[in-house]
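# Architecture and fold: a report
The chain contents come next:
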Amino acid sequence: MHKLGLVRDWDLALHVPLRYEDETRLQPLGAASDGQAVQFEAVVVQSEVSLGPRRQLRVTVRGDDGATCVLRFLSFYVSHQKTLAVGQRVRVRGELRMGLWGREMVHPVFRTAGVPLPQGLTPVYPTTAGLPQAYVRKAVATGLSRAVRAMTPTIPDEYLNEIACLRLLKLDSSLRFLHCPAADVSLAQLEDRTHPAWLRLKAEELLAQQLSQQVARRERQRFRAPVLVPGKPGAGAGLLHQDLLAALPFALTQAQRRVVDEVAADMALPRPMHRLLQGDVGAGKTVVAALAACMAMQCGWQCALMAPTEILATQHFAKLVAWLEPLLAPRGLVVAWLTGSQRKKERAEMLARIASGQAGLVVGTHALIQEQVVFARLGLAIIDEQHRFGVAQRLALRSKLVDGATPPGGASLEPHLLMMTATPIPRTLAMSYYADLDVSTIDELPPGRTPIVTKVIADERREEVVARIGAQVAQGRQVYWVCPLIDEQADGAVVADDASGRMTGSVPRLPARAGAGAGGREAQLLRNVTATHAELSEALPGVAVALLHSRLPVAEKRAVMDAFARGETGVLVSTTVIEVGVDVPNASLMVIEHAERFGLSQLHQLRGRVGRGAVASACVLLYTTPLGPNGRERLKAMAQTADGFEIARIDLALRGPGEFLGARQSGDALLRFADLSTDADLLAWAQATAPRLLDDYPQMAQAHLERWLGGKSDFLKA
Ligand code: ADP
Ligand code: MG
């Protein structure tokens with residue numbers, strides 16, 4: 001029961017049936033057709049144990065309508081034979097088959113006839129090995145009646161009356177109904193979860209989720225943050241962010257200008273910003289981050305920018321130094337750099353600059369949140385590719401504000417938090433799981449990009465693809481070739497090649513190749529990428545083909561990436577380490593091997609590594625045959641749309657929200673009953689109701705949260 005999470009009475013009450021069986025009626029045996037489930041009463045006319053190749057019990061029964069049927073049992077006890085002795089009247093339920101010798105049933109359910117028929121449908125509950133259905137049924141029935149008896153209303157009628165479907169059934173009746181529906185119920189409504197009882201349950205669940213988000217949001221609003229307004233009105237020129245804008249080789253897009261304003265407005269308030277900046281791959285989020293950092297620095301505060309991989313952090317650092325160093329130097333500030341692989345001396349130097357406040361901006365990886373890192377005055381924390389980080393890591397960065405910054409007598413200050421992602425959160429998720437976030441969206445790409453052409457090609461045509469690589473390189477272009485890391489000892493899933501070790505989608509196993517198994521797990525994981533590197537090196541004589549994966553020493557990784565960025569290598573064979581953020585504008589072709597093994601959003605991220613300059617770019621999705629219909633559909637969707645939002649929507653529909661929620665999904669947090677794709681109206685109701693309930697009926701709100709979340713609401717605080 002524990003394994004199923006059935007601890008409290010309330011858990012039992014919410015353990016709704018998987019399906020139902022109709023045992024409420026008896027049907028005439030003679031009228032039933034092949035394959036139909038029927039329940040009837042009959043008299044046993046013959047019973048024998050046949051001793052063929054397999055012992056079996058064969059019982060012939062005659063229904064009240066005179067029709068006969070043979071019941072066959074391959075395993076049976078003496079007690080079964082007694083119940084099914086000749087002359088006994090029995091009630092039988094099972095699936096009818098029209099066999100060569102007439103009607104038959106294999107292993108039907110039976111009992112002595114005459115017991116009253118049940119009034120409602122019989123529930124069939126989810127269970128686990130060793131836990132009999134009958135036990136679960138009984139436990140649920142007991143738990144349900146206790147829970148219902150103890151139940152007090154937590155939603156006032158005035159709110160329920162706002163949606164017609166919620167007026168119909170109270171929560172207790174809804175639960176009773178779902179556990180034991182009347183026999184005349186529409187099974188379709190039960191299965192689609194559109195019956196009013198279902199709707200009530202979903203509405204309650206969504207309300208609990210919205211309440212907990214609201215509570216988290218209100219708690220956060222009590223925190224104080226530094227007011228970051230660069231330059232009071234009339235202060236004039238010379239502001240850092242204005243200098244940066246003037247120095248950039250491009251003008252901001254309208255969308256970029258809008259989100260910069262949204263961020264600036266948040267930072268001007270005395271409470272911490274909690275904003276998600278989403279924008280498709282290549283939309284230009286980095287410059288928005290740089291402008292926000294400038295505003296913080298202008299006000300005398302520090303900014304930290306954390307990226308999930310060393311490669312990405314390095315790139316950010318290079319770009320930000322180029323943009324900002326000339327502006328910061330006259331002001332006595334520097335851009336600092338912090339990663340796990342740094343030499344001791346350099347690291348100590350950086351830590352000193354961070355602690356003294358000389359480092360206005362600090363760029364780095366997870367190294368930023370280590371204990372030894374002490375900021376003088378952290379005012380703004382920016383997290384790039386935020387979905388790659390866990391809740392704990394985000395909290396850790398936020399808590400990097402030292403006590404020294406606390407104003408005398410005042411509450412301690414928290415930094416503003418800006419999170420960035422290229423994996424857009426679909427609208428319904430944004431309304432539910434991310435309801436406590438403010439969201440800014442860059443919905444426009446910088447001008448002058450040529451769209452990426454995506455081709456889906458079978459691996460049998462690999463040679464053509466290799467030839468195309470040769471042609472691209474001959475024109476002075478560069479090429480990425482991405483291979484999945486494949487864990488053949490697990491379930492053949494693609495393993496993301498980065499620090500987070502995130503798994504993406506479960507996919508079919510690779511056919512085993514000769515020589516598999518040698519060299520341990522590491523070698524197995526990398527076999528694909530190293531084999532492809534060897535193959536391309538041989539097929540493309542005279543072309544510099546480099547190899548990159550996360551198991552290489554850091555210095556080597558950096559050297560490989562630098563050489564590629566400088567255009568010295570024509571082809572980079574790599575794992576998904578290049579998935580996020582990498583920016584080499586001269587790269588014009590991306591080949592993704594075993595594309596069927598990747599999640600759609602991940603493919604979109606990878607594809608975003610090309611098409612970053614003005615050159616026409618292409619992405620080839622190589623797949624291994626045979627490809628199932630689902631795989632075909634997914635790859636087709638990739639080829640047909642370049643819109644990250646649309647792809648995220650399809651991905652969500654195909655894989656469910658777990659993938660998107662990443663670390664936030666702490667198991668129980670996922671919705672069990674409501675389905676965001678079909679219950680948008682209930683979600684809207686819950687969203688509107690939560691703040692009112694908190695304001696007007698705080699005790700009911702508290703009771704509602706207790707009931708639905710118990711002690712599990714901590715995860716929402718990040
Ligand atoms: P992402 O949103 O994926 O992080 P980046 O910030 O890396 O995108 O930007 C992609 C590229 O576009 C970079 O080379 C960046 O300098 C450039 N870029 C950003 N904004 C603009 C703009 N308004 N006009 C032209 N190029 C831009
Ligand atoms: Mg980026």
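Conventions we followed
- Residues numbered from 1 in each chain as written.
- Chains lettered and ligands numbered in written order.
- Predicted model: local features only at pLDDT ≥ 70, side-chain atom pairs only at ≥ 80, totals over all residues.
- Heavy atoms only, no water.
- Near = heavy atom within 4 Å.
- Polar contact = N/O pair within 3.5 Å; in protein donor to acceptor, adjacent residues only side chain to side chain.
- Areas by Shrake-Rupley, 256 points an atom, 1.4 Å probe, with all protein chains shown as cover.
- Nonpolar A, V, L, I, M, F, W, Y, C, P; charged D, E, K, R; others polar.
- Pairing = 2+ DSSP bridges.
- Helix = DSSP H or I, 4+ residues; strand = E, 2+ residues; numbered from the N terminus.
- Axes fitted to C-alpha atoms, helices over the stretch in contact; angles between N-to-C directions.
- Phe/Tyr/Trp six-rings, centres within 6.5 Å; stacked < 30°, edge-to-face > 60°.
- Buried < 20%, exposed > 50% of the residue type's maximum accessible area, 1.4 Å probe, protein only.
- Salt bridge = Lys/Arg side-chain N within 4 Å of Asp/Glu carboxyl O.

### Here's the deal with the site of ligand 1
Near ligand 1 you find 17 residues, and of these Q256, G282, K285, T286 and R449 are the closest. Separating a nitrogen atom of ligand 1 from a backbone N or O atom of A251 is a distance of 2.9 Å. A distance of 2.6 Å separates an oxygen atom of ligand 1 from a polar backbone atom of G282. Compared with its free state, where it exposes 560 Å², ligand 1 has 87% of that area covered by protein. Among the residues forming the shell around ligand 1, the class breakdown is 6 nonpolar, 5 polar and 6 charged.

### Some points on the sheet that holds strand β7 (residues 102-106)
Reading across from one edge, β6-β7-β4-β3-β2-β5-β8 is the order of the 7 strands in this open sheet, with mixed pairing throughout. Of all strands in the sheet, those with a lone pairing partner are β6 (97-99) and β8 (109-112), marking the two edges. For this sheet, the mean inter-axis angle between neighbouring strands, taken without regard to orientation, is 40 degrees. Note: strand β4 (residues 68-73) against β7, 3 bridges, orientation parallel. Within β7, the residue paired with L71 across the bridge is M105.

### A short note on the packing of aromatic side chains
Tallied over the full model, the rule gives 8 aromatic pairs. Seen from their ring centres, Y480 and F564 are 5.0 Å apart, and the 50 degrees between their planes marks the pair as tilted. With Y480 in strand β18 (residues 478-482) and F564 in helix α18 (residues 554-565), this residue pair connects regions lying 84 residues apart in the sequence. By relative accessible area, which is 0% here, F564 ends up buried. Measuring from ring centre to ring centre gives 6.2 Å for F673 and W708, while their planes differ by 85 degrees; the resulting arrangement is edge-to-face. Separated by 35 residues along the polypeptide, F673 in the loop between α22 (658-661) and α23 (680-696) and W708 in helix α24 (residues 698-709) bring together distant segments of the chain.

### So, the pattern of salt bridges
Under the criterion given, the structure shown has 27 salt bridges. With a shortest N-O distance of 3.6 Å, D243 and R331 are connected by a salt bridge. Remark: R331 occurs in the loop between α12 (310-328) and β12 (334-338) and D243 occurs in helix α9 (residues 240-247); sequence separation between them is 88 residues. For R258, the salt bridge goes to E262, with nearest N and O atoms at 3.8 Å. On the criterion of helical spacing, the pair formed by R258 and E262 is a turn pair, its members being 4 residues apart in helix α10 (residues 254-267). Within this structure, R258, E262, D266, R275 and D443 form a network of salt bridges that share partners.

### Focus on the sheet that holds strand β14 (residues 378-383)
Reading across from one edge, β12-β13-β11-β14-β15-β10-β16 is the order of the 7 strands in this open sheet, with parallel pairing throughout. Strands with a single pairing partner mark the edges of an open sheet, and in this sheet they are β12 and β16 (438-442). Within this sheet the neighbouring strands show an average axis-to-axis angle of 20 degrees, counted without direction. Alignment of strand β10 (residues 274-279) against β16, held across 5 bridges, turns out to be parallel.

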